[in-house]
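What follows is each chain in one-letter form.
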Amino acid sequence: MNVLKPSDVIRAPEPSADGGRRPSRIAVLRANALGDYIFAIPALESLRAAYPDAEIVLLGAPWHARFLSGRPGPVDRVMVVPPLAGVRDAEPDEVVTPRDEFIQKARLEQFDIAIQLHGGGRNTNPLVAELGAGLTAGLRAEDAPPLDRWVRYVYYHPEVLRYLEVVGLVGALPVSYRPRLAVTEADRAELRAVLPPPSRPRVALHPGSTDPRRRWPAERFAVVGDALAEAGAEVVLTGTGAESVVIRAVLAEMRAPATPVVDALRLGGLAALYAECALVVANDTGPVHLAGAVGAPTVGIYWVGNFINGAPPDRSRHRPMISWTLHCPVCGLDCTRDIYPARGGGFGCTHKASFVADIPAVEVRDAALELLGSRAS
C-alpha cells in the first residue's frame, strides 16, 4: 500500500509573495445567512489548521456576533460589516456603522490576509481591497474586479468545495469537507427551558423556507410526520413566526400529535434541539444545514440546482431528495439559465411557485424511515 507522505503533497502558494512572516491576523468576509456561514466552516477550519497562531476575524452580520460569541470554533471574533448594497441587508433595529467608519476601523486591524467568501465579488471585492490587507484572495465573477489571488465564480459549484478552493490560494489545505458546529451548555439550557429531554426518538420537521420556491407542500410533510410518529418517534415542528402559517397547515393535516416550536428558541437553542434529534426533515434552508452541522441525520428537499450547490455529499447520515423541475411552473422559464435559480430570480422570472412539489411523499417517507431505523439500531 502506498502511504502519502507530507513531502508528496502538492502545496498551495505561501500567503506572502516573498515567503516572509506568517500571518497574525486574517479577515474573512462572509456576512450572509445561516446556511451560507455553515458552508464556509470547512474553509475556516482549514485556515485555522494552516495558521494556528493567527487570529481569524469573521467580517459578518450582527447575528454572527451573537451566535458565535463564546462558541468553540475556527472564528476568534466577529467584526460587523455595515449593511451595504450587494453585501447584506440591515437587521431590525440595527444601529448602523457608516461605511467609511468601518473601513477606517478595519484598516487599524492591519490584516495580513483578507479573504472574500461572499459570492461573485462585484460589490464585495472592492470592499475587501479597501481593508488594507497585505494579501487579498477570493472569488471573482466576470463583472467583478480582481483581488491579488482569485478563483473564478461559477454558479453551479458545491459551496463547501468553492470556499476550500479559495482558502487554498493562501496555503490552507483542506482538513474536512463536513461542516461541524459546536453545541454549548448555554444552548442546551435554553432548549431545556422549552422542551424536556425526549423519552423516545425525537424527530423535527421544518416545513418553512424564506423562499417559497423551496417549500415542499405542507400536506406531504404531514404524511412523513404521521409515518415517523407511527414508527414510534416524537414529532416536533420548527420554524419562525413568519412560517407559522405553513406549520399550522402541517399540524392540521397530521393525524398524530406533534409539538410546534415557533420562535421559542434562538439559533443556539435550535442547534441543541437538532443535536438531540434522531432525524430532521426539512426544506433546503438554513435549519437543514444547521442540523447536519451538529450531527443530526437529515432528509433535505432540494431543487436540482440547489442540490448541486448545497446538498451534503455523504449518504450515511443524509438523504437529499431531488426535484428535477427545470422550468417555472407558472411561466415556463428555464430556470437553470437564471443567474439565481430558485432564489427569487435574477433575469426575468420572479414567480414564487414551488420548484420542489414534484418530489413524491412516499420517497421522502421511505428515506426518513430508513434513517430513523438506522439511528435506532
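To be clear, the structure that these remarks concern was listed above.
Residues numbered from 1 in each chain as written. Predicted model: local features only at pLDDT ≥ 70, side-chain atom pairs only at ≥ 80, totals over all residues. Heavy atoms only, no water.

### Quick look at the packing of aromatic side chains
- For the coordinates displayed, the defined rule picks out six aromatic pairs.
- A ring pair is formed by tryptophan 63 and phenylalanine 67, whose centres lie 6.1 Å apart and whose planes are at 40 degrees; its orientation type is tilted. On the criterion of helical spacing, the pair formed by tryptophan 63 and phenylalanine 67 is a turn pair, its members being four residues apart in helix 2 (residues 62-68).
- Geometrically, the ring pair formed by tyrosine 155 and tyrosine 156 is edge-to-face, given 4.9 Å between the ring centres and 85 degrees between the ring planes.
- Taken together through their ring pairs, the aromatic side chains of Tyr37, Trp63 and Phe67 make up a single cluster.
- Against the face of phenylalanine 67 rests arginine 71, its NZ or CZ located 4.1 Å from the ring centre. (Phe/Tyr/Trp six-rings, centres within 6.5 Å; stacked < 30°, edge-to-face > 60°. Helix = DSSP H or I, 4+ residues; strand = E, 2+ residues; numbered from the N terminus. Lys NZ or Arg CZ within 6 Å of the ring centre and 35° of its normal.)

### Here we look at the packing of helix 1 (residues 34-50) against helix 10 (residues 286-293)
- Interhelical geometry of helix 1 versus helix 10 gives an angle of 35 degrees and a closest axis separation of 8 Å. The two elements helix 1 and helix 10 meet at a crossing, and its hand is left-handed. Contacts between helix 1 and helix 10 involve Leu34, Gly35, Ile38 and Phe39 on the former and, on the latter, Gly286, Pro287, His289, Leu290 and Ala293.
- For the contact of helix 1 with helix 10, the class distribution of residues is six nonpolar, three polar and no charged. (Axes fitted to C-alpha atoms, helices over the stretch in contact; angles between N-to-C directions. Left-handed = near helix turned anticlockwise from the far one by under 90°. Contact = heavy atoms within 4.5 Å. Nonpolar A, V, L, I, M, F, W, Y, C, P; charged D, E, K, R; others polar.)

### Points about the pairing of strand 6 (residues 149-152)
- Residue alternation in strand 6 divides its side chains into a buried set, Arg149 and Val151, and an unburied set, Trp150 and Arg152.
- Across four bridges, the pairing between strand 5 (residues 135-140) and strand 6 is parallel. Looking at the pairing, glycine 138 lines up with tryptophan 150 of strand 6. (Buried < 20%, exposed > 50% of the residue type's maximum accessible area, 1.4 Å probe, protein only. Pairing = 2+ DSSP bridges.)

### Observations regarding the pairing of strand 8 (residues 234-239)
- Buried residues dominate strand 8, accounting for six of its six residues.
- Where burial is concerned, the two faces of strand 8 agree: the one with Glu234, Val236 and Thr238 and the one with Val235, Leu237 and Gly239 are both buried.
- Alignment of strand 7 (residues 202-206) against strand 8, held across four bridges, turns out to be parallel. Of the residues in strand 8, the one forming a bridge with leucine 205 is leucine 237.
- Handedness of the strand 7-helix 7 (residues 218-230)-strand 8 crossover: right-handed.
- Across four bridges, the pairing between strand 8 and strand 9 (residues 259-262) is parallel. Counted as the bridge partner of valine 236 is threonine 259 from strand 9.
- Remark: the strand 8/helix 8 (residues 244-253)/strand 9 crossover connection has right-handed handedness. (Right-handed = clockwise from strand over helix to strand, strands pointing away.)

### What about the pattern of salt bridges?
- Scanning the entire structure with this criterion turns up 23 salt bridges.
- Linking arginine 99 and glutamate 130 is a salt bridge whose minimum nitrogen-to-oxygen distance equals 2.7 Å. Here glutamate 130 lies in the loop between helix 4 (124-129) and strand 5 and arginine 99 lies in helix 3 (residues 99-109), a separation of 31 residues in the sequence.
- For arginine 99, a relative accessible area of 28% puts it in the partly exposed group.
- Residues aspartate 284 and arginine 214 are paired through a salt bridge, measuring 2.9 Å at the closest nitrogen-oxygen approach. Here arginine 214 lies in the loop between strand 7 and helix 7 and aspartate 284 lies in the loop between strand 10 (279-283) and helix 10, a separation of 70 residues in the sequence. (Salt bridge = Lys/Arg side-chain N within 4 Å of Asp/Glu carboxyl O.)

### Some thoughts on the sheet that holds strand 3 (residues 77-80)
- One open sheet holds the six strands; their spatial order is 3-2-1-4-5-6, and the pairing between them is parallel. The open sheet has two edge strands with one neighbour each: strand 3 and strand 6. The sheet shows a mean angle of 20 degrees between the axes of neighbouring strands, direction not considered.
- Strand contacts of helix 1: strand 1 (25-29), strand 2 (55-60) and strand 4 (113-116), with the helix running at about 160 degrees to strand 2, the strand carrying the most contacts.
- Running at roughly 150 degrees to strand 3, helix 3 makes contact with strand 1 and strand 3 of the sheet.

### Here we look at the nonpolar core
- Ranked by internal contacts, the top residues of the largest apolar core, which has 63 residues, are Tyr37, Leu47, Ile115, Leu273, Tyr274 and Leu290.
- At 10 residues, helix 1 tops the list of elements feeding residues into this core.
- Excluding residues within four positions of it along the chain, leucine 273 makes contact with Leu191, Leu195, Arg202, Val236, Thr238 and Leu265.
- Grouped together as the second largest cluster of nonpolar side chains are 37 residues, Val235, Cys335, Phe355 and Val364 included. (Core = buried A, V, L, I, M, F, W, Y, C linked by side-chain atoms within 4.5 Å.)

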